[in-house]
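Summary of structural features
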Amino acid sequence: MTVEHDRDIVSAPTELMKFETLHVPGALKLSREMAWPYRREDWEFAATLGQGLVLERAGQVIGTAMSWNYGQAYATAGMIIVTASAQGGGNGSRLFDGLLQATDGRNVLLNSTVEGLALYKRRGFTAWGRVLQLQGPLTVAVTQSASNDVRQATVSDLAAIQAFDERAMGMPRPSMVAALADAGKVGVIERAGRVAGYAIARRFGRGYVVGPCAAESVEDARLLILAQLSRLHDQFVRIDVYAEDGLGDWLESLGLERAGGATAMVKGQRPVSDGSAHMYALANQSFF
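Just so we're clear, the structure is a prediction, and the values are computed from it rather than from any experiment.

Quick notes on the rules
- Residues numbered from 1 in each chain as written.
- Predicted model: local features only at pLDDT ≥ 70, side-chain atom pairs only at ≥ 80, totals over all residues.
- Heavy atoms only, no water.
- Helix = DSSP H or I, 4+ residues; strand = E, 2+ residues; numbered from the N terminus.
- Rg over C-alpha atoms; globule rule 2.2 N^0.38 Å.
- Buried < 20%, exposed > 50% of the residue type's maximum accessible area, 1.4 Å probe, protein only.
- Arc of directions from axis to C-beta.
- Contact = heavy atoms within 4.5 Å.
- Core = buried A, V, L, I, M, F, W, Y, C linked by side-chain atoms within 4.5 Å.
- Pairing = 2+ DSSP bridges.
- Axes fitted to C-alpha atoms, helices over the stretch in contact; angles between N-to-C directions.
- Parallel < 35°, antiparallel > 145°, perpendicular 65-115°, else oblique.
- Left-handed = near helix turned anticlockwise from the far one by under 90°.
- Nonpolar A, V, L, I, M, F, W, Y, C, P; charged D, E, K, R; others polar.
- Phe/Tyr/Trp six-rings, centres within 6.5 Å; stacked < 30°, edge-to-face > 60°.
- Lys NZ or Arg CZ within 6 Å of the ring centre and 35° of its normal.
- pLDDT = per-residue confidence, 0-100.

When you go through the protein chain residue by residue, the secondary structure sums to nine helices and 13 strands. Taken over the C-alpha trace, the protein chain has a radius of gyration of 20 Å; the compact-globule value for 288 residues is 19 Å, and the two agree within 12%. When the backbone C-alpha atoms are referred to their principal axes, the protein chain occupies close to 65 × 40 × 30 Å. Classification of the 288 residues of the protein chain by burial places 51% in the buried group.

So, on to helix H3 (residues 40-49). Within H3, the full set of buried residues consists of Asp42, Trp43, Phe45 and Ala46. Taken down its axis, H3 places every buried residue within 160° of arc, on the same side. Summarising the contacts, the buried residues of H3 are in contact with helix H2 (24-33), strand E3 (60-70), strand E4 (74-82), helix H7 (174-183) and strand E9 (194-204).

For the rest of this paragraph, the subject is the nonpolar core. Judged by nonpolar contacts, the single largest core of 45 residues is most densely connected at Trp43, Trp68, Ile161, Tyr198 and Phe287. The next biggest cluster of nonpolar side chains, apart from the first, holds 30 residues, and it includes Leu134, Leu138, Val210 and Ile239.

Regular strands place side chains that alternate from one sheet face to the opposite one. The element strand E13 (residues 278-282) is largely enclosed, with a buried count of four among its five residues. Two strands pair when backbone bridges link them, and strand E10 (residues 207-215) and E13 are joined in this way by three bridges, in the antiparallel orientation. Residue pairing for E13: Ala214 is matched across the bridge by Met279. Summarising the sheet, strand E11 (residues 236-242) and E13 pair through two bridges and their orientation is antiparallel. When the sheet's bridge partners are listed, Asp240 is paired in E13 with Leu282.

Attention shifts here to the packing of helix H6 (residues 158-169) against H7. The description of two helices packed together rests on the angle between their axes and the distance between the axes. Relative orientation of the contacting elements H6 and H7 amounts to 125°, with a least axis distance of 9 Å. The pairing of H6 with H7 is recorded here as oblique in orientation. For the pair H6 and H7, the sense of crossing is right-handed. Residues Leu158, Ile161, Gln162 and Asp165 of H6 form the contact with H7, whose own contacting residues are Pro174, Val177, Ala178 and Ala181. Here the residues of the contact of H6 with H7 are counted per class, giving six nonpolar, one polar and one charged.

This model, assessed by the stated rule, comprises ten aromatic pairs. Between Phe45 and Phe287, the aromatic rings sit 6.0 Å apart at their centres with planes inclined by 50°, giving tilted as the arrangement. Linking Phe45 in helix H3 with Phe287 in the segment after E13, this pair joins segments that are 242 residues apart in sequence. Taken as a pair, Phe45 and Phe287 share a single burial class, namely buried. Members of the aromatic cluster, joined through ring pairs, are Phe19, Trp36, Tyr38, Trp43 and Phe204. One Lys or Arg, Arg203, reaches over the ring of Tyr208 and ends 5.6 Å from the middle of that ring. Taking NZ or CZ as reference, Arg270 lies 3.7 Å from the ring centre of Trp128, over its face.

Moving on, we come to the confidence of the model for the protein chain. Across the protein chain, the average pLDDT comes to 94, with 95% of residues at 70 or higher. Long-range and interchain partners of residues 1-9, a stretch whose pLDDT sits below 50, account for five contacts in this model, where long-range means more than four residues apart.

This part covers the environment of Ala159. Within the element layout of this structure, Ala159 appears in helix H6. With 117 residues separating them along the chain, Ala159 and Ser276 place their C-alpha atoms 18 Å apart.

Bringing H7 into the picture now. Of the residues making up H7, those classed as buried are Met176, Val177, Ala179 and Leu180. End-on, the buried residues of H7 take up no more than an arc of 165°, which puts them together on one face. Turned more than 90 degrees away from the buried face of H7 sit Ser175 and Asp182, all of them exposed. Each element contacted by the buried residues of H7 is listed here: H3, E3, H6, strand E8 (184-191), E9 and E10.

This part covers unusual backbone geometry. The amide bond that connects Gly211 to the next residue, Pro212, takes the cis arrangement and shows omega of 5°. Inspection of the secondary structure assignment puts Pro212 in strand E10. Here Met79, not a glycine, exhibits a phi torsion of approximately 50°, which is positive. The exposure class assigned to Met79 is buried, which follows from its relative accessible area of 3%.

Right, here's the structure in full:
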């Protein structure tokens, strides 16, 4: 490719359009540019369950932004990327403003990198917490607790898991939970004949991600996470947890390393859990 051709591409007008399946290869290229570990399958999974926008220039994807609606009141946003050569020219603002408009007035949650904080604050987002990313090869031998409260979920548990997830998140995510359960292995805590917590482990990025994990106590969350980790020895594992819950140090003691994190933000009102259930680990920093 000639230098003149490169300049023609950079100077070409940009076009904002709906994210379609055909944009996945370009989106994957963008995430690799950012050193994000998404696989093609991860993009396809996210796109199937959400909706998004892309910026194109001369037929090339130069920006992406996606959102996931949960009921009529809430949405999450993520996978917001603008290629380095297109940054600083208003492209990020154009892309994100289009995404916000598409959420139809919902309260919007996202997890921001350091680079995105200024843009999101200008759009009315406020910080409320911190997400810690822990990952690495699971070389420490992890054994499942002797507690018999954790068992593998069955198809008949799905409705109870979806209901528990809504209690923990404060917003309805039945389709997302069903898709995550179908993609991975699900463990549940059963107490007095009812589901009192769940955790999912599935393929993602460089290996496996453990999350979401929702429970009624941090002790139960640890039981659920241990049950998942006991099957992942010598695999690359990632877990994203909320700093306020104190699981970071415990996960480090199991051999996972802190690999950065994100600022949890909201525009509007945060969803509120019912108080007895809590989300401890995220499925993903974009759709949570």
